[in-house]
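Notes for the structure review
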Amino acid sequence: MCCGTSAAERGIDMSIVVTAASSHLGRLTVEALLARGVPASGIVATSRDVRMIKDLADRGVVVRRADFAEPDGLPAAFEGVEKLLLISTTDVDQRVANHRRAIKAAVEAGASLVAYTSMLHADTATSVLGVTHYATEQDLRDRVPNVLLRNGWYLENYTAQLPQLLRAGALAGATGQGRISAATRADYADAAAAVLTTDGHAGQAYELGGDGAFTLAELAATISDVSGRQIANIDLPADGFTQVLTEAGLPAELANVLVDADLAMGRGELFTDSGDLRRLIGRPTVTPAEAITAALS
């Protein structure tokens with residue numbers, strides 16, 4: 001896999017559209033593009049609420065409103081696009097339809113490449129999340145040159161829970177002995193920026209995950225080592241984990257999606273040893289211990 005010569009090195013002005021730029025991943029991707037030398041004026045950051053990305057506009061990034069549920073506004077949002085990063089939406093029920101509208105607008109705007117943040121092994125996934133991602137991959141097929149960024153789980157899905165985990169002294173889940181190739185959002189964002197600023201990626205499907213996979217029992221042990229507090233791993237059946245999540249205040253629909261994802265982890269659907277993420281970003285991925293240390297600092 002070769003990333004080629006960057007557009008900046010070839011003196012070509014870029015027009016890169018990043019959707020959901022107000023999200024954690026979207027904002028980090030904009031920052032990664034800037035760090036790779038893309039001029040602020042060559043980046044279009046879109047959001048349903050542009051007030052949330054006003055600071056990017058203050059730095060020279062072009063800011064436009066885009067709501068995939070309002071397709072009439074998408075042509076203006078995507079005007080002049082050369083490459084587009086389609087960050088998957090969070091509403092699982094509306095995801096496929098919303099992505100389809102965005103793809104149509106990108107094609108009509110003349111995009112030469114659409115990079116889509118999919119999910120590990122989406123083409124063989126059995127989880128609800130994986131199936132919706134694969135539907136979008138199929139919609140992209142033959143419509144526009146594309147690259148699939150099949151992201152694994154976020155380490156932040158665990159580090160964001162650290163205060164509660166430390167209080168409870170336990171990390172619950174339903175993954176069994178399944179190994180999880182999680183990475184930080186920043187690493188995934190850097191991979192997206194690499195794909196958007198270098199050549200040779202059209203038609204590729206990258207299976208992206210951290211260098212070192214772990215079970216939840218191993219993650220609990222790492223949290224214990226870093227924090228100095230003993231954290232147990234409690235592996236639960238699906239209904240038991242659902243109850244834990246709903247009692248913690250999660251809506252039933254979201255709890256069901258998360259339990260379904262944990263069961264998929266138990267089947268190995270969020271494990272990869274491809275090395276794609278490390279190669280794209282040109283360095284080792286952030287380790288769980290490093291991410292936990294940063295979150296606790």
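As shown above, the structure is provided for reference.
The rules behind these values
Residues numbered from 1 in each chain as written. Predicted model: local features only at pLDDT ≥ 70, side-chain atom pairs only at ≥ 80, totals over all residues. Heavy atoms only, no water. Helix = DSSP H or I, 4+ residues; strand = E, 2+ residues; numbered from the N terminus. Buried < 20%, exposed > 50% of the residue type's maximum accessible area, 1.4 Å probe, protein only. Phe/Tyr/Trp six-rings, centres within 6.5 Å; stacked < 30°, edge-to-face > 60°. Pairing = 2+ DSSP bridges. Axes fitted to C-alpha atoms, helices over the stretch in contact; angles between N-to-C directions. Contact = heavy atoms within 4.5 Å. Parallel < 35°, antiparallel > 145°, perpendicular 65-115°, else oblique. Left-handed = near helix turned anticlockwise from the far one by under 90°. Nonpolar A, V, L, I, M, F, W, Y, C, P; charged D, E, K, R; others polar.

Our focus in this paragraph is the environment of Val-244. If you trace the backbone, Val-244 turns up in helix H10 (residues 238-247). The partly exposed category is assigned to Val-244, whose relative accessible area is 36%. Separated by eleven residues in the primary sequence, Val-244 and Ala-255 place their C-alpha atoms 9.0 Å from one another.

Evaluation of the coordinates by the stated rule reveals two aromatic pairs. Between Tyr-154 and Tyr-188, the aromatic rings sit 5.8 Å apart at their centres with planes inclined by 55 degrees, giving tilted as the arrangement. With Tyr-154 in the loop between strand E6 (146-151) and helix H6 (156-159) and Tyr-188 in helix H8 (residues 185-197), this residue pair connects regions lying 34 residues apart in the sequence. Look at Tyr-158 and Phe-214: their rings are 6.2 Å apart centre to centre, the planes differ by 75 degrees, and that puts the pair in the edge-to-face class. Of this pair, Tyr-158 sits in helix H6 while Phe-214 sits in the loop between strand E8 (205-208) and helix H9 (216-227), and the two are 56 residues apart along the sequence. Neither residue differs from the other here; Tyr-158 and Phe-214 are each classed as buried.

One open sheet accounts for seven strands, arranged E3-E2-E1-E4-E5-E6-E8; its pairing is parallel. Of all strands in the sheet, those bounded by a partner on one side alone are strand E3 (62-65) and E8. Taking the axes of each pair of neighbouring strands and ignoring which way they run, one obtains an average angle of 20 degrees across the sheet. Against the sheet, H8 touches strand E1 (16-18), strand E4 (83-86), strand E5 (113-119), E6 and E8, its axis set at about 160 degrees to E4.

Moving on, we come to the packing of helix H1 (residues 24-35) against H8. Where H1 meets H8, the axes come as close as 8 Å, and the angle between the chain directions of the two elements is 50 degrees. Between H1 and H8, the crossing angle belongs to the class labelled oblique. Both H1 and H8 take part in a crossing whose hand is right-handed. On the side of H1, the interface is formed by His-24, Leu-25, Leu-28, Thr-29, Ala-32 and Leu-33, while H8 contributes Arg-185, Ala-186, Tyr-188, Ala-189, Asp-190, Ala-192, Ala-193, Leu-196 and Thr-197. Broken down by class, the residue content of the contact of H1 with H8 amounts to ten nonpolar, three polar and two charged.

This paragraph deals with unusual backbone geometry. A positive phi angle, near 50 degrees, is found at Ala-20, a position not held by glycine. Residue placement: Ala-20 occurs in the loop between E1 and H1. The exposure class assigned to Ala-20 is partly exposed, which follows from its relative accessible area of 27%. With a phi close to 70 degrees, Asp-142 is a non-glycine residue in the positive phi region. Residue class for Asp-142 comes out exposed when judged on its relative accessible area of 76%.

Bringing the side chain of Thr-132 into the picture now. Within the secondary structure layout, Thr-132 lies in helix H5 (residues 128-140). A relative accessible area of 11% means that Thr-132 is categorised as buried. Aside from chain neighbours lying at most four places away, what touches Thr-132 is Val-92, Arg-95 and Val-96.

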